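Summary of structural features
What follows is the residue order along each chain.
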Amino acid sequence: MSDIKQQIFSELNAVEEAAARLRSVAVNAGKQTDLEVAILTEQVKGLRERNAKATDMVDRAISILKKMK
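Residues numbered from 1 in each chain as written. Predicted model: local features only at pLDDT ≥ 70, side-chain atom pairs only at ≥ 80, totals over all residues. Heavy atoms only, no water.

**Observations concerning the overall build of the chain**
Quick reminder of the rule: Runs of E in the DSSP output that reach at least two residues are strands. Runs of H or I that reach at least four are helices, and both are numbered from the N terminus. Computation of the radius of gyration draws on C-alpha atoms alone. For the globule rule, the value is 2.2 Å times the number of residues to the power 0.38. Burial classes follow relative accessibility: with a 1.4 Å probe on protein chains only, a residue under 20% of its type's maximum area counts as buried, one over 50% as exposed, and anything between as partly exposed. For the area figures, the Shrake-Rupley method with a 1.4 Å probe applies, and any residue is considered shielded solely by the protein chains shown. Residues scored as positive are Lys and Arg, those scored as negative are Asp and Glu, and His as well as the terminal groups of each chain are ignored. Here the site of a charge means NZ on Lys, CZ on Arg, CG on Asp, or CD on Glu.
Across its full length, the chain holds 1 helix and 0 strands. For the chain, the C-alpha radius of gyration of 30 Å lies well beyond 11 Å, the compact-globule estimate for 69 residues. Dimensions of the chain along its principal axes, counting C-alpha atoms only, are 100 × 10 × 5 Å. When the 69 residues of the chain are sorted by exposure, 1% land in the buried category. Accessible area of the chain: about 6600 Å², with a carbon and sulfur share of 62%. Across the chain, the centroid of the 12 positively charged side chains sits 17 Å from that of the 10 negatively charged ones.

**A closer look at the environment of S63**
As for its position among the elements, S63 is in helix α1 (residues 2–68). Counting along the chain gives 13 residues from S63 to R50, while the straight-line C-alpha distance between them is 20 Å.

**Brief notes about the environment of N13**
Mapped onto the secondary structure, N13 falls in helix α1. The spacing of N13 and S63 is 50 residues in sequence and 75 Å in space, taken between C-alpha atoms.

**Describing the pattern of salt bridges**
Filter applied, for reference: For this document, the term salt bridge refers to a Lys or Arg side-chain nitrogen within 4 Å of an Asp or Glu carboxyl oxygen.
Within this structure, the stated rule accounts for 1 salt bridge. Two residues, R60 and D56, come together in a salt bridge whose shortest N-O distance is 2.8 Å. Residue R60 and its partner D56 are located together in helix α1, separated by 4 residues, close to a single helical turn.

**Overview of a nonpolar patch on the surface**
Our working rule: Each patch is assembled from residues with relative accessible area greater than 30% and no salt bridge, linking like charges that lie within 9 Å and nonpolar side chains (Val, Leu, Ile, Met, Phe, Trp, Tyr) that lie within 5 Å.
Together, M1, I4, I8, F9 and L12 make up an exposed nonpolar region whose accessible area comes to about 570 Å². As for its position among the elements, L12 is in helix α1.

Geometric descriptors of this kind do not, in isolation, establish any biological role.
Encoded structure:
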């Protein structure tokens, strides 16, 4: 009976350790995802700014070309 109890406690300990490792992995994955989202957000912001500048330049070029007609 003592051996069975010891085995149960040993298996419970292994389950607790596995759960702790999984929690750690989940937390780290969440942090990584947050970092990736922040990086992508900054990249999109930069692309939008460049797109706005490019649109403005194209509009100016079209305006100049129309004036030249």
